Amino acid sequence: MASLLCLFAGIQTGGASTRLFSYIFVYIIGLYLFSGTRRKCVSETCLTSFMALGVLYETYIGLGQLIGTRLSGNNYFCFTGSFANPGPLGGYLALAGTLILHVMMRKKRGWQILIPPFMCVAVMLPVTLGRASWLAFLASGAAVVITDVRAREWASAHKMNGCRKWAVIAVFTIIATASAFGIYRMKQASADGRLLMGRMCVHAMLERPLSGHGPGNYAKAYGDAQYDYFASGTYTEKQRLTADCPEYPFNTFLKVGVEYGIPAMIMLAAIVLFSIVTAIRYDRTAGFGLLCLTVFAMFSYPQEILIFRILAPLLMAGAVPWGNAIGQIRSIGCKAIKWNIIGIAVFGLAYIGNGTWTDAKNEREWHRYEKYYTSGRYDKAADLYGGISDKLGNNHIFLFQYGQSLLESGRFREADSVLTRGASMSCDPMFWNLMGRCRQAMGQYDEAEECFRHAFLMVPGRLYPLVLSAKLKYETGDTIGFATKLSEIRAFRPKLENTLTSQLRSEIEDLALIMTTTAESYHHSALHRP
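Residues numbered from 1 in each chain as written. Predicted model: local features only at pLDDT ≥ 70, side-chain atom pairs only at ≥ 80, totals over all residues. Heavy atoms only, no water.

1. Remarks on the overall build of the protein chain
Put simply, the rule is: Think of it this way: any DSSP run of H or I at least four residues long counts as a helix, any run of E at least two long counts as a strand, and we number them from the N terminus. Partly exposed residues are those whose accessible area sits between 20% and 50% of the maximum for their type, while under 20% is buried and over 50% is exposed, using a 1.4 Å probe and protein chains only. Residue contacts follow a heavy-atom distance rule, with two residues in contact if any of their heavy atoms lie within 4.5 Å.
Counting its regular elements, the protein chain contains 25 helices and 0 strands. Classification of the 530 residues of the protein chain by burial places 45% in the buried group. Residue pairs in contact within the protein chain that sit at least 24 positions apart in sequence constitute 67% of those at least 6 positions apart.

2. Considering the packing of aromatic side chains
Pairs of aromatic rings are described using the distance from one ring centre to the other and the angle between the two planes. The condition that has to hold: Classification of ring pairs uses Phe, Tyr and Trp, with its six-membered ring standing for Trp, and accepts pairs whose centres are within 6.5 Å; under 30 degrees between planes counts as stacked, over 60 as edge-to-face, and the remaining range as tilted. We call a charge positioned over a ring when the NZ of a Lys or the CZ of an Arg lies within 6 Å of the ring centre and within 35 degrees of the ring normal.
A complete count under the given rule lists 14 aromatic pairs for this structure. Clustering of aromatic rings is evident, with ring pairs tying together Trp366, Tyr385, Phe398 and Tyr402. The ring centre of tyrosine 372 lies 5.9 Å from the NZ or CZ of lysine 380, which sits over that ring.

3. Here we look at the environment of isoleucine 305
The residue isoleucine 305 is located in the loop between α14 (285-297) and α15 (306-319) in this model. On a C-alpha basis, the gap between isoleucine 305 and alanine 84 in space is 9.8 Å, while along the polypeptide they are 221 residues apart. With residues up to four places along the chain from it excluded, the contact list for isoleucine 305 reads Phe83 and Pro88.

4. Describing the nonpolar core
To keep it simple, the criterion reads: Buried residues of nine kinds, namely Ala, Val, Leu, Ile, Met, Phe, Trp, Tyr and Cys, make up a nonpolar core once their side-chain atoms join them within 4.5 Å.
Ranked by internal contacts, the top residues of the largest apolar core, which has 116 residues, are Met51, Phe308, Tyr385, Phe398, Phe482 and Ile508. With 11 residues, the single largest contributor to this core is helix α4 (residues 86-106). Setting aside anything within four residues of it in sequence, one finds phenylalanine 482 in contact with Ala470, Lys473, Tyr474, Ile508, Leu511, Ala512 and Met515.

5. Focus on a positive patch on the surface
The line we're drawing: Here the term patch refers to residues with relative accessible area over 30% and no salt bridge, with like charges joined within 9 Å and nonpolar side chains (Val, Leu, Ile, Met, Phe, Trp, Tyr) within 5 Å. Every accessible area reported is derived by Shrake-Rupley at a probe size of 1.4 Å, with residue values counting cover from the shown protein chains alone. Put simply, a salt bridge is a Lys or Arg side-chain nitrogen that is within 4 Å of an Asp or Glu carboxyl oxygen. Under this rule, positive means Lys or Arg and negative means Asp or Glu; His and the chain ends count for nothing. Charge coordinates come from a single atom per side chain, which is NZ of Lys, CZ of Arg, CG of Asp or CD of Glu.
Together, Lys361, Arg364, Arg368, Lys371, Arg377 and Lys380 make up a positively charged patch on the protein surface. Considering every element that reaches the positive patch, the biggest residue donor is helix α17 (residues 336-374), with 4 residues. Here arginine 368 lies in helix α17. For arginine 368, a relative accessible area of 47% puts it in the partly exposed group.

6. Quick notes on the pattern of salt bridges
Considering all chains together, one arrives at 20 salt bridges under this definition. The shortest N-O distance in the salt bridge between aspartate 244 and arginine 462 comes to 3.3 Å. On the criterion of sequence distance, the pair formed by aspartate 244 in the loop between α11 (237-242) and α12 (252-260) and arginine 462 in the loop between α22 (445-458) and α23 (464-476) is long-range, its members being 218 residues apart. Taking relative accessible area as the criterion, aspartate 244 reaches 34% and is therefore assigned partly exposed. The closest approach of N and O atoms between glutamate 365 and lysine 391, which form a salt bridge, is 3.9 Å. Of the two residues, glutamate 365 sits in helix α17 while lysine 391 sits in the loop between α18 (378-388) and α19 (396-408), which places them 26 residues apart along the sequence. Residue classification places glutamate 365 among the buried positions, given a relative accessible area of 17%. Three or more residues are tied together by salt bridges with common partners; here these are Asp244, Asp428, Arg462 and Lys495.

7. Some words on the packing of helix α5 (residues 115-127) against helix α6 (residues 131-146)
If you want to describe how two helices pack, look at the angle between their axes and the distance between the axes. Spelled out, the test is: To get an axis, a line is fitted to the C-alpha atoms, and for a helix only the part in contact is used. The angle between two axes follows their N-to-C directions and goes from 0 to 180 degrees. If an angle is under 35 degrees, it is roughly parallel; if it is over 145, roughly antiparallel; if it lies from 65 to 115, roughly perpendicular; otherwise it is oblique. Note on convention: the crossing is left-handed when the near helix lies turned anticlockwise from the far helix by less than a right angle, right-handed when the turn is clockwise.
With their axes 10 Å apart at the nearest point, α5 and α6 run at an angle of 140 degrees to one another. With respect to each other, α5 and α6 are oriented oblique. Note that α5 runs across α6; the crossing there is left-handed. Contact residues: Phe118, Leu125 and Pro126 in α5; Ser133, Trp134 and Phe137 in α6.

8. A closer look at α5
Selection rule: Residue count minus one, scaled by 1.5 Å, sets the expected span of a helix.
The end-to-end C-alpha separation of α5 is 19 Å, in line with the 18 Å expected for 13 residues at 1.5 Å each. Considered for burial, the residues of α5 that qualify are Pro117, Phe118, Cys120, Val121, Met124 and Leu125. Looking at the residues trailing α5, positive phi occurs at leucine 129, about 55 degrees.

9. Observations regarding the state of the cysteines
Put simply, the rule reads: Note that a disulfide, as used here, is simply two cysteine sulfur atoms within 2.5 Å.
One pass over the structure, following the stated rule, counts 0 disulfides. Cysteine cysteine 427 is unpaired, with the sulfur of cysteine 245 as its nearest cysteine sulfur at 5.4 Å. Residue classification places cysteine 427 among the buried positions, given a relative accessible area of 6%.

10. Considerations on the environment of glutamate 414
To keep things clear, this is the line we draw: Residues adjacent in sequence count toward polar contacts only when both atoms are side-chain atoms; beyond that, a polar contact is any pair of N or O atoms within 3.5 Å, and within protein one must be able to donate a hydrogen and the other to accept it.
Along the chain, the position of glutamate 414 falls in helix α20 (residues 412-423). What makes glutamate 414 partly exposed here is its relative accessible area of 39%. Of note is the side chain of glutamate 414, whose polar atom sits 3.2 Å from the side chain of arginine 411.

11. Let's talk about the packing of α12 against helix α13 (residues 262-282)
The interhelical angle for the contact between α12 and α13, taken along N-to-C directions, is 145 degrees, at an axis separation of 6 Å. Like other packed secondary-structure pairs, α12 and α13 cross with a definite hand, here right-handed. Facing Phe253, Leu254, Val256, Gly257 and Tyr260 of α12, the residues of α13 in contact are Ile262, Ala264, Met265, Leu268, Ala269 and Val272.

12. Regarding unusual backbone geometry
The phi dihedral of leucine 129 is positive, around 55 degrees, even though this residue is not glycine. Mapped onto the secondary structure, leucine 129 falls in the loop between α5 and α6. Residue classification places leucine 129 among the partly exposed positions, given a relative accessible area of 41%. Positive phi, normally seen in glycine, also occurs at aspartate 283, with a value near 55 degrees. Looking at aspartate 283, the relative accessible area reads 30%, which means it is partly exposed.

13. Considering α13
Between its terminal C-alpha atoms α13 stretches 30 Å, which fits the 30 Å expected from 21 residues at 1.5 Å a residue. Inspection of α13 places Met265, Val272, Ser275, Ile276, Thr278 and Ala279 among the buried residues, and these make up the whole buried set. Residues of α13 that are buried sit in contact with α9 (188-207), α12, α14 and α15. Just past α13, the residue aspartate 283 takes up positive phi, approximately 55 degrees.

Next comes the structure, spelled out in structure tokens:
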């Protein structure tokens, strides 16, 4: 069995297949760890203890960041813990808080030791300002409290008549509606962006509803869907100013639907729902954690964070009580299951470890050369990047840096090829801007104009593509086209007005002044010509 799994993983190449195999590997190990009553209790205790220790560690780092003794993981946020931004930190705190709350409410002895980490969650979670983590913790925490025996006993002891029941429902509805509106208004621009992203994901799914766009092709499919939508001209001004090029999907289920098709998305949702319902029925700690992670995954990107990629299949395995079935197999005398699990562990760790070590080695080599790119020594960077391009050909950030280095070095044809490849796996319009500059340098003016147009329609709230298009008109001597672009730039309202947009406008105004002066000089010479 282990050999077959490793053979399947070895045939499939690419990051998506490796990640899928990692999920299967961790899930199978989780099935073994959570099988049997005694082993399940030990595994749940270890998992909760690990998460509680993680909460204390994140609190220690976060407090250091708040008082200024530690650096934040993001320049835009002062509090991120060990993560790159406060969103994933909030998700971790919410998940840990759910597991800790369940153990505290179900255990009769020893639960007092979990009070300090739970208090840390209660204090630090609001500081993250993560709406997704708040909703996840509220949903899973409410499930933990409602399913507790004491809550059911209280409900049965305080039977409510029809009027009181409807009054409670009305109050709850009002509070929930007001809370949802407040959460939306707290970061309205971000919430509008999530809604637009969901709409674009639906457009991308409807293009290939059954087969999807393929593993790892979410960004390209999203960029194409957004380009088609804005090219149709049916958008609103609010949507134009909201659109962006997200690196990650903020909904795991929609990502699965875009990459693998609607049937796969429905199947995943059904499996997760079955696991959660079954776990709540049997009151399993992992199931409530899975509920928290599922709600968080509907508004964020936990599948891109290593700790969540490990916890998701573990919680899935611990949610459904397969212990009886595994125990029956073991009682029949099928001891080979033990050796299969050992084989899966050995071969799986070897496969995943080898791939991870190789990827880390290649990225370390890339970052060692990156200093030449950041310092503007593009000739040197292009030569060094060329030696590792075959190893990092699936990394769009590397391809962007390599393509820009080739462009600035005057190797336009090579740059165009690299940037075209990068554009096929990213929704960043900067690939199209640089491709347009390459084709402009090669004299392919019509293709360059089309690249600038494509970049603008992918994210129509950015000024840069219009500026490049105006410069192209100026270079080709198209005075009418330049005047049209100049009018567009003057009337254009970007998503964010800053010093960079002011500088771009100033450059175009200088070109307009030069063109006007040249035209006047030519006209004056023509009048005085004998």
